[in-house]
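Examination of the molecular architecture
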Amino acid sequence: MILAFDGSSIDGSAYSDVVRLAQHSPGWLDDTLSAWSTYGLAVFAVLAAVGWWRARRSGAGAAVTALTVPLVVVVAYGLDAVLKLAVREERPCQSLHVQTLESCPSPGDWSFPSNHAAIAAAAAVALVFVSRRLGAVAIVAALAMGASRVWVGAHYPHDVLAGLVVGTLVALMATLAARRQSETLARRLAARRLGALLLSS
């Protein structure tokens, strides 16, 4: 038997309230939030690509900042995965034995923090440094992603909150560091014949 932390004492009642609400909500709403929970991360990839494409018109430094978005996401995901292994919190659907919209993951698929929330927050905050407009859209999308993960029953609210914090902190530190070195990084990329990534033709 795998020893796991039971997070239901933190906000299990709030989680149960949301899951029960989802069970009694219109089918179109459940289907929409389930689809967003499953496929919504692709939207952040599209926003990152749009941000990079536009940033090339503003100069090599701006393009470098845009290119850091996927790297920031990878780092945030990695840190989140390490925290999952360290905390080893059991999924709420396993601890509380409730019916959820999303199939309950198998034991060992830990809950804290939420990967989806961390990835979404990291992408959104990094995109703010690329384009305020795209960043604003991404922030709303990230909050919707976090909420959807509770709605479908995959995470406690505190899992989502922790994921959002992880993603935000990683994005702030990594993106600010990349911006300080953007000109140096731009020269290095150009020296490696990757200049086409930095400037529009």
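Everything below is about the structure shown above.
Residues numbered from 1 in each chain as written. Predicted model: local features only at pLDDT ≥ 70, side-chain atom pairs only at ≥ 80, totals over all residues. Heavy atoms only, no water.

**Focus on the packing of helix 2 (residues 27–39) against helix 7 (residues 132–151)**
Where helix 2 contacts helix 7, the two axes come as close as 9 Å, and the packing angle between them is 115°. Regarding the angle of helix 2 to helix 7, the classification is roughly perpendicular. Our pair here, helix 2 against helix 7, has a crossing hand that is left-handed. Contact with helix 2, carried on its side by Leu 29, Asp 30, Leu 33, Trp 36 and Ser 37, involves Ala 141, Ala 144, Met 145, Ser 148, Arg 149 and Trp 151 of helix 7 and no other residues of that element. In terms of residue class, the contact of helix 2 with helix 7 is made up of seven nonpolar, two polar and two charged. (Axes fitted to C-alpha atoms, helices over the stretch in contact; angles between N-to-C directions. Helix = DSSP H or I, 4+ residues; strand = E, 2+ residues; numbered from the N terminus. Parallel < 35°, antiparallel > 145°, perpendicular 65-115°, else oblique. Left-handed = near helix turned anticlockwise from the far one by under 90°. Contact = heavy atoms within 4.5 Å. Nonpolar A, V, L, I, M, F, W, Y, C, P; charged D, E, K, R; others polar.)

**Observations concerning the nonpolar core**
Counting 23 residues, the largest nonpolar core has Phe 44, Val 72 and Ala 138 as its most contacted members. Listing elements by their share of this core, those giving two or more residues are helix 3 (41–55), helix 4 (60–87), helix 6 (115–128), helix 7 and helix 8 (157–180). Not counting residues up to four positions away in its chain, the partners in contact with Phe 44 are Trp 36, Ala 120, Ala 123, Ala 138, Ala 141 and Ala 142. (Core = buried A, V, L, I, M, F, W, Y, C linked by side-chain atoms within 4.5 Å. Buried < 20%, exposed > 50% of the residue type's maximum accessible area, 1.4 Å probe, protein only.)

**As for the packing of aromatic side chains**
What the rule picks out here adds up to three aromatic pairs. For the pair Trp 36 and Phe 44, a centre-to-centre distance of 6.5 Å together with 50° between the ring planes defines the contact as tilted. The class for Phe 44 is buried, based on a relative accessible area of 3%. Seen in terms of ring centroids, Trp 52 and Trp 53 are 5.7 Å apart; in terms of plane orientation they differ by 70°. Their pairing is edge-to-face. (Phe/Tyr/Trp six-rings, centres within 6.5 Å; stacked < 30°, edge-to-face > 60°.)

**Examining the state of the cysteines**
Applying the stated rule across the entire model yields one disulfide. One disulfide in the model links Cys 93 with Cys 104; its S-S distance is 2.2 Å. Its torsion about the S-S bond being 85°, the disulfide of Cys 93 and Cys 104 is classed as right-handed. With Cys 93 in helix 5 (residues 92–96) and Cys 104 in the loop between helix 5 and helix 6, this residue pair connects regions lying eleven residues apart in the sequence. (Disulfide = S-S within 2.5 Å.)

**So, the pattern of salt bridges**
Scanning all chains against the criterion turns up three salt bridges. Between Arg 20 and Asp 17 there is a salt bridge, with its nearest N and O atoms 2.5 Å apart. Highlighted residues: Arg 20 and Asp 17, both in helix 1 (residues 8–23), separated by three residues, approximately one helical turn. By relative accessible area, which is 47% here, Arg 20 ends up partly exposed. Residue classification places Asp 17 among the partly exposed residues on the basis of a relative accessible area of 44%. A salt bridge links Arg 149 to Glu 102; the shortest N-O distance between them is 3.1 Å. Of this pair, Arg 149 sits in helix 7 while Glu 102 is found in the loop between helix 5 and helix 6, placing the two residues 47 residues apart along the sequence. A relative accessible area of 5% means that Arg 149 is categorised as buried. (Salt bridge = Lys/Arg side-chain N within 4 Å of Asp/Glu carboxyl O.)

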